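# Remarks on the overall topology
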Amino acid sequence: MRATHSKKVATGSNKRPEKLNVHIRNSWRTNLQLIRSIGNMIGYKKSLSEWQCLSEAKMGRGSPIPPMLRRKIVEQYQKGVSQKKIAKSLKLSSSTVHNIIQRFRESGTISVCKGRGRKTILDARDLRALRRHCITYRNATVMEITTWAQEYFQKTLSVNTIHRGIRRCRLKLQRSKKKPYLNIIQKSRRFLWAKAHLKWTVAKWKTVLWSDESKFEVLFGKLGRHVIRTKEDKDSPSCYQRSVQKPASLMVWGCMSTCGMGSLHIWKGTISAERYIQVLEQHMLPSRRCLFQGSPCNFQHDNARPHTASITTSWLHRRRMRVLKWPAYSPDLSPIENIWRIIKRKMRQRRPKTVEQLEACIRQEWDNIPIPKLEQLVSSVPRRLQTVIKRRG
């Protein structure tokens with residue numbers, strides 16, 4: 001009976017490691033204690049680390065060999081064990097063992113090298129030439145750049161290849177900013193004005209009463225350029241971008257300083273010098289008394305025709321108003337332009353549908369501008385002057 005039992009164990013011992021390896025490979029990461037108990041039960045004498053190597057060695061084609069197993073291959077190789085015996089003992093192919101040992105000989109490491117992949121069509125020298133061309137011709141389209149690149153590099157290039165090349169040059173197609181055109185005389189005057197006022201301190205800029213006009217339109221129907229829809233919904237009325245040729249609008253005049261927001265006036269009709277003087281009498285003078293409490297201040301307005309008219313200039317002279325000389329086409333130097341931008345952004349969010357709603361929203365948002373925001377904008381004027389000087393006007 002004892003001999004028969006031992007014979008059954010001996011005949012069944014050849015099939016058990018294969019079935020056991022399958023079981024261990026499926027449950028290794030979930031229950032290590034179960035693997036150890038099964039090994040002890042059937043008398044398998046390998047250690048737990050060897051169980052991990054054997055369980056991870058049975059992987060799919062193309063899977064990387066675990067670092068522990070690669071390290072063990074190198075250790076046995078350094079002890080003088082042949083590659084064939086190493087492959088047989090660890091149940092790996094001879095080519096796998098040979099590649100790991102050859103990599104260790106050449107680089108001295110057992111880590112897997114990252115694949116280099118296919119070579120790019122444009123090398124480093126081509127990318128430098130592409131970058132120079134893009135910077136020289138900034139307004140060129142991608143199709144025009146592709147046509148130039150095909151003739152210059154004598155290569156077959158697609159638009160997508162040029163797109164990727166532009167990104168590799170650390171460039172990106174951006175929407176250009178809208179700025180007023182400045183000729184040489186206007187640039188020089190801006191430059192000289194910025195140099196003359198660069199010595200002004202922030203405290204002196206806080207004594208300026210900033211004023212300006214801006215136009216607000218009713219945004220009814222202008223829902224943006226993009227819409228979320230299917231291909232079949234292109235003719236749906238809810239997916240249209242409705243445009244209005246002459247939308248209802250309001251012309252608004254306002255003034256501000258670091259002390260707070262001044263009066264706001266809604267224009268009706270065209271602006272003339274006589275009407276502008278009435279606005280100064282009814283809104284600018286009370287705002288000046290309220291904000292500065294009788295202390296001296298400088299009044300700022302741009303060079304619009306009603307502002308520079310002779311009757312306006314004489315009126316300001318009779319009122320003994322110190323007017324800050326302002327360079328032409330310089331809205332970027334005035335902090336009140338940022339206030340208009342903030343209010344227009346709020347109007348796009350609230351979307352008033354009538355002129356009455358638009359006026360009410362403008363007045364509400366005008367009163368909600370906080371004083372810390374005003375101080376921040378006025379304190380940025382010296383930095384704006386430095387930018388003008390740096391860019392030569």
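Residues numbered from 1 in each chain as written. Predicted model: local features only at pLDDT ≥ 70, side-chain atom pairs only at ≥ 80, totals over all residues. Heavy atoms only, no water.

- Going by what an unreviewed UniProt entry lists, the protein chain is known as Tc1-like transposase DDE domain-containing protein and is assigned to Cyprinus carpio carpio.

### A few points about helix 19 (residues 381-390)
- Where helix 19 is concerned, the buried positions are V381, P382, R384, L385 and V388. Projected onto a plane normal to the axis of helix 19, the buried residues spread over an arc of 160 degrees and lie on a single side. More than 90 degrees from the buried face of helix 19, the exposed residues found are R383 and K390.
- Elements in contact with the buried residues of helix 19: helix 11 (184-196), helix 12 (202-205), strand 1 (208-217), helix 16 (336-350) and helix 18 (371-379).
- At the exit of helix 19 stands R392, carrying a positive phi of roughly 55 degrees. (Buried < 20%, exposed > 50% of the residue type's maximum accessible area, 1.4 Å probe, protein only. Helix = DSSP H or I, 4+ residues; strand = E, 2+ residues; numbered from the N terminus. Arc of directions from axis to C-beta. Contact = heavy atoms within 4.5 Å.)

### Comments concerning the pairing of strand 3 (residues 260-267)
- Within strand 3, 7 of the 8 residues are buried, which leaves the element mostly enclosed by the surrounding structure.
- With 6 bridges connecting them, strand 2 (residues 249-257) and strand 3 associate as antiparallel partners. Considered in strand 3, the bridge of S257 is made with G260. (Pairing = 2+ DSSP bridges.)

### Concerning the nonpolar core
- Formed by 34 residues in total, the largest nonpolar core has its most connected members in W205, W210, F216, V252, I339 and W340.
- If you list the elements that add at least two residues to this core, you get helix 11, strand 1, strand 2, strand 3, helix 16, helix 17 (355-367), helix 18 and helix 19.
- By residue number, the principal contributor to this core is helix 16, which donates 6 residues.
- The contact partners of F216, leaving out residues within four places of it in the chain, are A248, S249, L250, V252, W340, I343, K344, M347, L358 and I362.
- Residues V279, L280, M284 and F299 belong to the second largest nonpolar core, which totals 17 residues. (Core = buried A, V, L, I, M, F, W, Y, C linked by side-chain atoms within 4.5 Å.)

### Re the packing of helix 16 against helix 17
- One can describe the packing of helix 16 onto helix 17 by two numbers: an axis separation of 10 Å at closest approach and a directional angle of 130 degrees. Viewed along their axes, helix 16 and helix 17 adopt a mutual orientation that is oblique. Where helix 16 crosses over helix 17, the handedness of that crossing is right-handed. Contact with helix 16, carried on its side by I339, W340, I343, K346, M347 and R350, involves L358, C361, I362, Q364, E365 and W366 of helix 17 and no other residues of that element.
- Per-class residue counts for the contact of helix 16 with helix 17 are 8 nonpolar, 1 polar and 3 charged. (Axes fitted to C-alpha atoms, helices over the stretch in contact; angles between N-to-C directions. Parallel < 35°, antiparallel > 145°, perpendicular 65-115°, else oblique. Left-handed = near helix turned anticlockwise from the far one by under 90°. Nonpolar A, V, L, I, M, F, W, Y, C, P; charged D, E, K, R; others polar.)

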